[in-house]
Amino acid sequence: MLDSAVKFKKAFSHMLLKDSTCKKELQKNEGGLVNDTDWVNVSSLLPFLKIFYDATLRLSGSQYVTSNDYMHEIFGIGSVISEFTRHPDQSICSMASKMQKKYKKYWGSAKNLNQFLFVALVLDPRRKWQYIEWIVREKFDELTSGSFLDNLMKNMRSLFDLYNASIPKKGIDDEVASLSKSSSFANDSDLWGNEVEMDIEKLMTQKFEMSMGSAESNERKTKLDKYLGEDREPKDPKFDILNWWRVQQCRYLVLAKMAKDILAIPVFTVASESTFSTGGRVLDTFRTSLTPRMVEALVCTQDWVRASRRMPIILEDTFRELEILEEESLKDLTIEQPIITIDEIVDEGEEAPRRDDFGWSD
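Under an unreviewed UniProt entry, the name given to the chain is Zinc finger BED domain-containing protein RICESLEEPER 2-like, and the organism recorded is Centaurea solstitialis.

(A) Region of the structure containing the overall build of the chain. Check the secondary structure of the chain and you find 17 helices and 0 strands. Each of the 362 residues in the chain was classed as buried or not, and the buried ones make up 25%. Residue pairs at least 24 apart in sequence account for 66% of intrachain contacts in the chain once pairs closer than 6 positions are excluded. Accessible surface computed for the chain: about 27,600 Å², of which carbon and sulfur atoms make up 56%.

(B) Examining the packing of aromatic side chains more closely. Considering all chains together, one arrives at 11 aromatic pairs under this definition. Relative to phenylalanine 84, the ring of phenylalanine 48 has its centre 4.4 Å away and its plane inclined at 40°; by these criteria the two rings are tilted. With a gap of 36 residues between them, phenylalanine 48 in helix α4 (residues 36–59) and phenylalanine 84 in helix α5 (residues 70–84) connect regions that are remote in the sequence. For the residue pair phenylalanine 48 and phenylalanine 84, the accessibility class agrees, reading buried in each case.

(C) Just the side chain of arginine 127, in detail. Tracing the sequence through the fold places arginine 127 in the loop between α7 (115–122) and α8 (128–139). Since its relative accessible area comes to 6%, arginine 127 is described here as buried. One polar contact links arginine 127 to aspartate 124, side chain to side chain, over a distance of 2.7 Å. Excluding residues that lie within four positions of it along the chain, arginine 127 makes contacts with Asn68, Asp69, His72, Leu121, Arg232 and Lys235.

(D) Expanded view of the packing of α8 against helix α9 (residues 142–166). At their nearest, the axes of α8 and α9 sit 9 Å apart, and the two run at 150° to each other. In this view, α8 runs roughly antiparallel relative to α9, as classed from their interaxial angle. Considering how the two elements wind past one another, α8 and α9 form a crossing that is right-handed. Residue-level contacts link Trp129, Ile132, Glu133, Val136 and Arg137 of α8 to Ser145, Phe148, Leu149, Leu152, Met153 and Met156 of α9. Across the contact of α8 with α9, the residue classes tally to 8 nonpolar, 1 polar and 2 charged.

Criteria and cut-off values
Residues numbered from 1 in each chain as written. Predicted model: local features only at pLDDT ≥ 70, side-chain atom pairs only at ≥ 80, totals over all residues. Heavy atoms only, no water. Helix = DSSP H or I, 4+ residues; strand = E, 2+ residues; numbered from the N terminus. Buried < 20%, exposed > 50% of the residue type's maximum accessible area, 1.4 Å probe, protein only. Contact = heavy atoms within 4.5 Å. Areas by Shrake-Rupley, 256 points an atom, 1.4 Å probe, with all protein chains shown as cover. Phe/Tyr/Trp six-rings, centres within 6.5 Å; stacked < 30°, edge-to-face > 60°. Polar contact = N/O pair within 3.5 Å; in protein donor to acceptor, adjacent residues only side chain to side chain. Axes fitted to C-alpha atoms, helices over the stretch in contact; angles between N-to-C directions. Parallel < 35°, antiparallel > 145°, perpendicular 65-115°, else oblique. Left-handed = near helix turned anticlockwise from the far one by under 90°. Nonpolar A, V, L, I, M, F, W, Y, C, P; charged D, E, K, R; others polar.

Below, the structure is given as structure tokens:
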């Protein structure tokens, strides 16, 4: 609203000069007439408010994931508020100080933060654990940040183990099978028999794996560490995090399953509230006999039609095209009456056949 008002600054000035009733209406309010100082304050306030506007648009979207961006946006807003507390304009500085006090009430203590939001941030390959360490140490003191990071890593590993245990094993891996075979070699006299084919490379690899632990536990232990240890993906505005995990699930099956569940958590209630609003418009007082299954079908169909990317359907244009087609079809439609021709030759000596009321002859 303020952005639109600034664009029509001259229009407001001319309106006050031309329309006396407008001036009287504005003088009734406590603020009075709009002067040059008010326009300066509005112009200086717009960049500050635009930050909240853009963040709301990004986080309230329902066609893409938002849980991985929530903490990034929240701590970014906190940094902006902190910068505006040193603004040369005292009115903006005072407003930012009050907002900072309110901000610290919700986000000033690490104990009040939901760790799932940080796990979602770790599952973003553009940020990972290094970003978590930086942002936590930047916002909290050293003692609080250290304990919070340790607890977060512990819970994240426990969550990884829980997901790993829920995935059914298709069978023993070849490495584990060969590993058990090599251990039997070490304690079996058949190792020196002629029936066993010796492979030095395979034997030494198996012995090394035995010394480092079982292959299964080693894989479960290192998959998360391997992901965290890899380089972060470059910043790209067109980056699709869901598609990235879809491609990488062959390498990180457990982490991909975690990302599928955690990244799907909406951070705003806008999507669910709009669903209920849409349901209320579909099931109104004139269509109360619709079954729940039919209401669900109508709501889902509406979402699919509006979310079509390849060929978007604009309902207003579609209705207009249907009306044009209907008018043209009515113009071309003509009712053709059948033409009946009776060609009879009647002899003068014979009496003409008599016809009844329906046109049938005797």
